[in-house]
Amino acid sequence: MTRTCLLTGASRGIGHATVKILQREGWRVLTVSRQPFSEECRWPGARESHIQADLSDLSAIPALAADVRSRLPDGELAALVNNAGISPKGAEGARLGVAATDAGTWAQVLNVNLVSIALLVQELLPELTKARASVVNVTSIAGSRVHPFAGVAYAASKAGLAALTRELAHEFGPLGIRSNAISPGEIATSILSPGTDGLVQREVPLQRLGTTEEVARTIHFLCTDASSYINGAEIHINGGQHV
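Here's a quick rundown of the structure. The model shown is predicted, which means the values in this text are computed figures rather than measured ones.

What counts, and at which threshold
- Numbering of residues starts from 1 in each chain and follows the order in which that chain's sequence is written.
- Two thresholds apply to this predicted model, a pLDDT of at least 70 for residue-level local features and 80 or more for giving and counting side-chain atom pairs, whereas whole-chain, interface and lining totals are computed over all residues.
- Here the side-chain values reflect all heavy atoms present in the structure, with hydrogen atoms and water set aside.
- Type-normalised accessible area, obtained with a 1.4 Å probe on protein chains alone, sets the label of each residue: buried when under 20%, exposed when over 50%, and partly exposed for intermediate values.
- The secondary structure listing takes helices from DSSP runs of H or I that are at least 4 residues long and strands from runs of E that are at least 2 residues long, numbered from the N terminus.
- Any two strands with at least two DSSP-identified bridges between them are counted as paired.
- Should a side-chain nitrogen of Lys or Arg be within 4 Å of a carboxyl oxygen of Asp or Glu, the pair is scored as a salt bridge.
- Polar contact is the term for a pair of N or O atoms within 3.5 Å; when the atoms are in protein, one must be able to donate a hydrogen and the other to accept it, and sequence-neighboring residues count only if both atoms are side-chain atoms.
- Contact between two residues is taken to exist if any of their heavy atoms lie within 4.5 Å; hydrogens are not considered.
- As used here, the term nonpolar core means buried Ala, Val, Leu, Ile, Met, Phe, Trp, Tyr and Cys residues forming a set that is joined through side-chain atoms within 4.5 Å.
- By the criterion used throughout, a crossover qualifies as right-handed when its path from the first strand across the helix to the second strand runs clockwise, the strands pointing away from the viewer.

Quick look at the pairing of strand β6 (residues 178-184)
The two faces of the sheet receive side chains in turn, since in a regular strand these alternate between them. With seven of its seven residues buried, β6 lies for the most part within the structure. Here β6 shows two buried faces, one formed by R178, N180, I182 and P184 and the other by S179, A181 and S183. As judged from the five bridges shared by strand β5 (residues 134-138) and β6, these two strands associate in the parallel manner. Residue pairing in the sheet places S134 in a bridge with R178 of β6.

Here is the structure:
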């Protein structure tokens, strides 16, 4: 039986790489993005599997879940990968600290990066339970240390997501649902901040950027039975930057 995964934030970077690996391994992948379908997404079935939704609008979560549910003929969702995330910047890409972050920015970041994830799990709990599913949350090294580029709202949301991962693991483990997180460091994507190369040389023992495929392979591992006794973990994917 083909397993189905719902993956948010699929349009680029880690999400894009994860879709490719999951499909290569025989998964059916439903993707969520706030952007309309892009013709640049060339994987099989991409258009039919795309759902446009704005995760900052919490009132839209029930409709998103209903759309997903309608696409599950067997009522099972085997994996939920929460990759969508936003990290607003100031003028000329400046880091937004506490003094520069207004209430609207706080609400938008926390809704997308944290609260929407809890509500999506809540809405899709029957489908996740039936499949004895795996939930994978994408946190960040910025959730456990002050980062020169990631702003305060982003950092707080990712720290909160690590805590939410533990809560999900504790609450839904008895239902057979495993919940884990991956915490990427400096990964080669199209949205790297200026100065990243210097940061890598100073702080990453492997002295190179990670690749989106390296992250995606770990996400795939957490979605499969190869990780069947891993629950409530946060796996660092950062070349040793956390040590």
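Things to note about the pattern of salt bridges
Counting across every chain of the model gives four salt bridges. The salt bridge partner of D67 is R71, with a shortest N-O separation of 2.7 Å. Here E127 makes a salt bridge to R69, at a shortest N to O gap of 3.0 Å. Of this pair, E127 sits in helix α5 (residues 125-131) while R69 sits in helix α3 (residues 61-70), placing them 58 residues apart in sequence. For E127, a relative accessible area of 8% translates into the label buried.

Comments concerning the side chain of N180
Structurally, N180 can be placed in strand β6. Within the structure, the side chain of N180 is placed 3.0 Å from the backbone nitrogen of G232, a separation counted as a polar contact. Setting aside anything within four residues of it in sequence, one finds N180 in contact with V135, V136, N137, T165, L222, I230, N231, G232 and A233.

Comments concerning the nonpolar core
Inside soluble globular proteins, nonpolar side chains tend to come together where they are buried. One finds L6, L128 and I219 to be the most contacted residues of the largest nonpolar core, which totals 52 residues. It is helix α4 (residues 103-123) that contributes the most residues to this core, six residues altogether. Leave out the neighbours within four places in its chain, and L6 touches L30, V32, V68, L77, A79, L80, V81, L120 and L124.

Digging into the pairing of strand β2 (residues 28-33)
Taken across its six residues, β2 has five buried, putting it largely inside the fold. Relative to β2, strand β1 (residues 4-8) runs parallel, the two being bridged by five bridges. Considered in β2, the bridge of T4 is made with R28. For the crossover from β1 across helix α1 (residues 13-24) to β2, the handedness is right-handed. Sheet analysis places β2 next to strand β3 (residues 50-52), joined by three bridges and oriented parallel. Paired with V32 across the bridge in β3 is I51.

Looking at the side chain of N113
Looking at where N113 falls in the secondary structure, it is placed in helix α4. The exposure class of N113 is buried, given its relative accessible area of 0%. At a separation of 2.9 Å, a polar atom in the side chain of N113 contacts the main-chain amide nitrogen of I86. Residue contacts for N113: discarding those within four places in its chain leaves A84, G85, I86, Y154, S157, K158 and L161.

Some points on unusual backbone geometry
Here the phi dihedral of E92 falls at roughly 55°; this positive angle occurs in a residue that is not glycine. Residue position: E92 is located in the loop between β4 (79-82) and α4. With a phi close to 50°, R132 is a non-glycine residue in the positive phi region. Inspection of the secondary structure puts R132 in the loop between α5 and β5. The exposure class assigned to R132 is exposed, which follows from its relative accessible area of 58%.

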